[in-house]
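# Remarks on the overall topology
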Amino acid sequence: METGPLQRLCRLQIQRLLVLVISLVVVLVVLAQLIAFPYKNYTSSLSPVTKGIMVHEADTYDNVSITHEGGLYESKVEEGCKGFDCDHNSLRSQNATEQNDSGQSDQTGQTISVTLEPTRLSYMISVLESTVAAAQFNKDRSRSAPDRQLQLARRQIENAPILGRAEGLHASLYRNVSRFLRSYKLMENTLKVYIYKEGKKPIFHDARLRGIYASEGWFMKLLEINRNFVVKDPKKAHLFYLPFSSLKLRNTSNEQNPLSQKDLVQHLKNYKSLIASKYPFWNRTNGADHFLVACHDWAMKLTRDHMGNCIRSLCNSNLAGGFKIGKDTTLPATYIRSAEDPIKDLGGNPPSERPILAFFAGGMHGSLRPILLQHWHNKEPDMKIFGPMARDIESKAKYRTYMKSSKYCISARGYEVYSPRIVESIYYECVPVIISDNYVPPFFEVLDWRAFAVFVLEKDVANLGNILRSISDEKYLEMQKRVKMVQQHFIWNKKPVKFDLFHMILHSVWNNRVFKIGS
């Protein structure tokens, strides 16, 4: 019996309705999954190499609309890779519920995984915001007076009024300039730090003020003589500083007296045990209100087990190596040539006197830099890409001249993700080009790095020339102007001034403590 036209039409409509209903159900299920597990790892269908965070957005070079993905894996430091820290290809989950040495888990209870896919700034910001949102106020009335002050500060920061003027700060440099100013003023008026007197020189209370690891030394020196933030009564403190030098700890392991990783970790464990047995403050929070400032590559691993619950200000802010957004902060690596004049030769040529498009010179540490050299050494006249330059005075002066005469200065990772070239670029008013996947830039919780820097994926180094040439002259001039404006945040002063590097490092630690106080 033939089906009539009306019956066929009804059947077709029913089929379409069923398809629509099924599609709606699928969409609702996916939305429910995303709402319930916004950072869930969909790894079952991935190869072991690519398991980890899935970033669903189409990423761009933060200043140029060019999509990219993937990444190489090696890292930086001028003195080369030695000993136990050379396993740069090992990639593990960053788990905030990871057990610390006392058997307690991290306060947020969040799990943050990292992948071989390069980590985008937008993803880092989303992790930071999620961590802040997860830290709820603890209504326990037994909290100390300093803790209650931090809780009040958090409320005031979250409700900061929008400012018409920003005290000479250019709003385009910041994620939220009004909130930053409110937080900074509260830090100035509220924050008190206790510095433990324990520990013998040279590892403790002894600052090295020159070289590529000088940041930890300058901070130690300036904080220990500070009268505004430092208190003698630990009961009044909001934060407790562990005043050791990761560089001098590392240097205790030399050819005459070689020490293993285990020996150095034990040294810090003994120090922590001394602090915990003598004072009640470490055990009260399991070190969550303690902080350390360390620039040497090894610092992340040496402090991971027994000081992992502290706020760690680290130069080696590798998200794939154990750096925890929302708890740890990035310490800018600053190459200081003169302890008497830490900002010697500051400044650079105006944009009209920068004929070089891009400049890089450095040791061939890691796997990325040889590839950079292979693609760009002597390939184009305005791309000055070199290997290591001589260390004599003349060559060092030539290096600075190149930076002062270049539009873009390349900071390519070596054995580790960080490099003093980022701050050097800012000193010499050259737009930084950061080629270092999973590097968390300094003060990113405050600064909008996309306003004054270019981020390029390691896998796209062969396309570097096209990427930089695609940035318009107008865009470059805008970024270069902002590099000059952000310079004040990266300068060491022998006597600290408002908004300088000393205060910005301390503010990052303050910020993380304020927004973890309720966890």
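Residues numbered from 1 in each chain as written. Predicted model: local features only at pLDDT ≥ 70, side-chain atom pairs only at ≥ 80, totals over all residues. Heavy atoms only, no water.

The name given to the protein in an unreviewed UniProt entry is Exostosin-like protein, with Artemisia annua as the source organism. As recorded by UniProt, the Sequence similarities (unreviewed entry) comment attached to the protein reads in full: "Belongs to the glycosyltransferase 47 family." Reading the Subcellular location (unreviewed entry) entry of the UniProt record for the protein gives the comment "Golgi apparatus membrane". (UniProt positions renumbered as here; feature names shortened; annotations may be inferred.)

A cluster of basic residues, Arg208, Arg210, Arg391 and Lys396, forms a positive patch at the surface. Considering the arrangement of structural elements, one finds Arg210 in the loop between strand S5 (193-195) and helix H5 (214-224). (Patch = residues over 30% accessible without salt bridge, like charges linked within 9 Å, V, L, I, M, F, W, Y side chains within 5 Å. Areas by Shrake-Rupley, 256 points an atom, 1.4 Å probe, with all protein chains shown as cover. Salt bridge = Lys/Arg side-chain N within 4 Å of Asp/Glu carboxyl O. Lys, Arg positive; Asp, Glu negative; His and termini not counted. Charge placed at Lys NZ, Arg CZ, Asp CG, Glu CD. Helix = DSSP H or I, 4+ residues; strand = E, 2+ residues; numbered from the N terminus.)

Read from one edge of the open sheet, five strands run S11-S10-S12-S13-S14, paired in parallel fashion. Among the strands making up the open sheet, the edge pair consists of strand S11 (383-386) and strand S14 (454-455). Note that strand S10 (residues 356-361) and strand S12 (residues 406-412) share three bridges and pair parallel. Bridging across to S12, Ala358 finds its partner in Tyr408. Sheet contacts for helix H10 (residues 368-376): S10, S11, S12 and strand S13 (431-435); angle to S11, the most-contacted strand, approximately 135°. Along the sheet, helix H11 (residues 393-404) contacts S10, S11 and S12; its crossing angle with S10, the most-contacted strand, is approximately 145°. (Pairing = 2+ DSSP bridges. Contact = heavy atoms within 4.5 Å. Axes fitted to C-alpha atoms, helices over the stretch in contact; angles between N-to-C directions.)

A few words on the state of the cysteines. Across all of its chains, the model carries two disulfides by this definition. The partner cysteine of Cys295 in its disulfide is Cys315, sulfur to sulfur 2.1 Å. As the torsion about the S-S bond is roughly -95°, the Cys295-Cys315 disulfide counts as left-handed. Of this pair, Cys295 sits in the loop between strand S7 (290-294) and helix H9 (299-302) while Cys315 is found in the loop between strand S8 (311-314) and strand S9 (329-330), placing the two residues 20 residues apart along the sequence. Comparing Cys295 with Cys315, the two get one shared label, buried. Shown here is the disulfide that connects Cys409 with Cys430, its sulfur atoms set 2.2 Å apart. Since a negative S-S torsion denotes a left-handed disulfide, the Cys409-Cys430 link at about 110° is right-handed. Of this pair, Cys409 sits in strand S12 while Cys430 sits in the loop between helix H12 (421-427) and S13, and the two are 21 residues apart along the sequence. Comparing Cys409 with Cys430, the two get one shared label, buried. (Disulfide = S-S within 2.5 Å. Buried < 20%, exposed > 50% of the residue type's maximum accessible area, 1.4 Å probe, protein only.)

What follows is about the pattern of salt bridges. What the rule picks out here adds up to 20 salt bridges. For the salt bridge of Arg175 with Glu129, the shortest nitrogen-to-oxygen distance reads 2.9 Å. In this pair, Arg175 is assigned in the loop between helix H3 (145-158) and helix H4 (177-190) and Glu129 in helix H2 (residues 121-134), connecting sequence segments 46 residues apart. Notably, a salt bridge pairs Asp328 with Lys327, separated by 2.6 Å at the nearest N-O pair. Like Asp328, the residue Lys327 is buried in the burial classification.

Using the criterion set out here, one finds 26 aromatic pairs in the structure. Counting every residue linked through ring pairs, the aromatic cluster contains Tyr194, Tyr196, Phe240, Tyr279 and Phe281. Between Lys221 and the ring centre of Trp218, over which it is positioned, the NZ or CZ distance is 5.3 Å. In this structure, Arg250 packs its charged tip against the face of Trp298, placed 4.0 Å from the ring centre. (Phe/Tyr/Trp six-rings, centres within 6.5 Å; stacked < 30°, edge-to-face > 60°. Lys NZ or Arg CZ within 6 Å of the ring centre and 35° of its normal.)

Right, let's get into the sheet that holds strand S6 (residues 239-241). Adjacent strands of a sheet pair through backbone hydrogen bonds, lying either parallel or antiparallel. Reading across the sheet, the five strands line up as S5-S6-S7-S8-S9 and stay open at both edges, with parallel pairing between neighbours. The open sheet is flanked by S5 and S9, the only strands paired with a single partner. Sheet topology note: the S7/S8 ladder contains four bridges and is parallel. Its bridge partner lying in S8, Phe291 is registered against Ile311. Taken strand by strand, H5 contacts S5, S6 and S7, and its axis lies near 135° from that of S7.

This next bit is on the packing of H5 against helix H15 (residues 501-514). Between H5 and H15, whose axes approach to 10 Å, the crossing angle comes to 90°. The angle between H5 and H15 places the two elements in the roughly perpendicular class. Across from Phe219, Leu222 and Leu223 in H5, the residues of H15 making contact are Phe502, Ile505 and Leu506. Tallied by class, residues from the contact of H5 with H15 come to six nonpolar, no polar and no charged. (Parallel < 35°, antiparallel > 145°, perpendicular 65-115°, else oblique. Nonpolar A, V, L, I, M, F, W, Y, C, P; charged D, E, K, R; others polar.)

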